[in-house]
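Chain by chain, the residues run as shown.
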Amino acid sequence: MSREALIAVAADFPDPFRLLIRESVESTNDEVRKLALGGAADGLIILAESQTAGRGRRGAAWFSPSGDSLAFSILVRPEEPIALWPRLALAAGLAVAEAVEGLGLQPGIKWPNDVWLGKRKVAGILVEAGPDFAVVGIGLNVNTTEFPPEVSEIATSLQLEMSRPHSCADVLAAIIRKFATRRHQIGSDFEILISAVRLRCVLTGHRVSLRTAAGSKIGFIEGIGPSGELLFRTPEGLERLIQADELRLLPD
Ligand code: BTN
């Protein structure tokens, strides 16, 4: 990853986004959180060339090899009420999917915010809230060619899909441009945001298994409802899932 290229693209980020680059941190989400608690303004982005303790949702680790993947976090101080902040995860997943489409690929969104290419995950998002801010953490496999054994069957990268390397700086810039628009659609314009997510949802029309604390259930995904909830149909009726327990797509 070229620092010069990152600095060059950051000069053209839309307001209020600005970039800090770190060589190695435990987790960029933690770095942004610290600066947010110290009063940093909306739009700060911290990108790490490598993370030593990158984390994903549900306590999973996030693999961030040095230099060939994007790992960054954005400080957002939303104007919208706190109840709507979880929608930032949908906005970020969509922004990443749209940036990847700009390269000529056809990503899907595995609700709420994993970005898939084919049947493999290329990006993940972790949104964490603070007292008066949210941290939107994004990990995208850009030029990764080898993954740890535990994810090698389910992960992919832009390079693996297109058989050529990509500029991390250009991909970052494309994501920030998309997110600059989508982040403002979590309130009154949410229908615009959710319609764009629906178009890309890889779960709609498919059978899935859902794992909860109470056990596993199998059901059919009818789509995404007006508040961004997943419509999960089982013989017992329709459930509206507002957060992602472990969902697995089943073969048709
Ligand atoms: C997931 O799919 O489970 C979410 C993965 C989120 C990874 C990113 S990488 C940048 C930021 N820092 C972290 O520690 N996690 C997020």
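Everything here concerns the structure above.
Residues numbered from 1 in each chain as written. Predicted model: local features only at pLDDT ≥ 70, side-chain atom pairs only at ≥ 80, totals over all residues. Heavy atoms only, no water.

(A) Here's a closer look at the overall build of the protein chain. Secondary structure assignment for the protein chain yields six helices and 12 strands. By the compact-globule yardstick of 18 Å for 252 residues, the protein chain fits well, its C-alpha radius of gyration being 17 Å. When its C-alpha atoms are laid out on the principal axes, the protein chain stretches across 55 × 40 × 30 Å. In the protein chain, the share of contacts with a sequence separation of at least 24, taken over all contacts with a separation of at least 6, comes to 65%. Roughly 11,700 Å² of accessible area belongs to the protein chain as shown, and the carbon and sulfur atoms make up 52% of that amount. (Helix = DSSP H or I, 4+ residues; strand = E, 2+ residues; numbered from the N terminus. Rg over C-alpha atoms; globule rule 2.2 N^0.38 Å. Contact = heavy atoms within 4.5 Å. Areas by Shrake-Rupley, 256 points an atom, 1.4 Å probe, with all protein chains shown as cover.)

(B) Representation of the site of the ligand. Residues in close proximity to the ligand total 20 residues, the closest being S27, Q51, R55, R57 and K121. K121 has a polar side-chain atom sitting 2.5 Å from an oxygen atom of the ligand. The fraction of the free accessible surface of the ligand (420 Å²) that becomes covered by protein chains is 97%. Those elements that place two or more of their residues in the shell around the ligand are α2 (28–37), β3 (69–76), β6 (120–129) and β7 (134–141). With four residues, the top contributor of residues to the shell around the ligand is β6. (Near = heavy atom within 4 Å. Polar contact = N/O pair within 3.5 Å; in protein donor to acceptor, adjacent residues only side chain to side chain.)

(C) Main features of the packing of aromatic side chains. Within the structure shown, the criterion is met by two aromatic pairs. The positively charged end of R87 is found above the aromatic ring belonging to F190, 3.7 Å away from the centroid. (Phe/Tyr/Trp six-rings, centres within 6.5 Å; stacked < 30°, edge-to-face > 60°. Lys NZ or Arg CZ within 6 Å of the ring centre and 35° of its normal.)

(D) Looking closely at the environment of L88. Within the element layout of this structure, L88 appears in helix α3 (residues 87–101). Accessibility expressed as a relative area gives 0% for L88, which makes it buried. With 91 residues separating them in the primary sequence, L88 and F179 have C-alpha atoms 9.3 Å apart. Residue contacts for L88: discarding those within four places in its chain leaves V76, P78, V127, A134, V136, F179, R183 and I186. (Buried < 20%, exposed > 50% of the residue type's maximum accessible area, 1.4 Å probe, protein only.)

(E) Summary view of the sheet that holds strand β8 (residues 207–212). Ordered in space as β11-β10-β9-β8-β12, the five strands form an open sheet in which the pairing is antiparallel. Each end of this open sheet is capped by a strand with a single partner; those strands are β11 (237–241) and β12 (246–249). Taken over all neighbouring pairs, the strand axes of this sheet differ in orientation by 40 degrees on average, direction set aside. Note that strand β10 (residues 230–234) and β11 share five bridges and pair antiparallel. By the bridge assignment, F232 is partnered in β11 with E239. (Pairing = 2+ DSSP bridges. Axes fitted to C-alpha atoms, helices over the stretch in contact; angles between N-to-C directions.)

(F) Representation of the pairing of β3 within the structure. With eight of eight residues buried, β3 is to be regarded as a mostly interior element. Alternating residues of β3 divide into S69, A71, S73 and L75 and L70, F72, I74 and V76, and every residue in both groups is buried. As paired strands, β3 and β7 are joined by eight bridges and run antiparallel to one another. Residue pairing for β7: S73 is matched across the bridge by G137.

(G) The arrangement of the side chain of T234 in detail. Note on placement: T234 falls in strand β10. Taking relative accessible area as the criterion, T234 reaches 7% and is therefore assigned buried. Apart from the residues within four sequence positions on either side, T234 is in contact with I218 and G219.

(H) Spatial organisation of the environment of K110. Tracing the sequence through the fold places K110 in strand β4 (residues 108–110). Distance in space between the C-alpha atoms of K110 and R248 is 9.7 Å, their sequence separation being 138 residues. The contacts of K110, once residues within four sequence positions are left out, are W116, V202, L203 and L247. Among the polar contacts made by the side chain of K110, one reaches the main-chain carbonyl oxygen of L247 at a distance of 2.8 Å.

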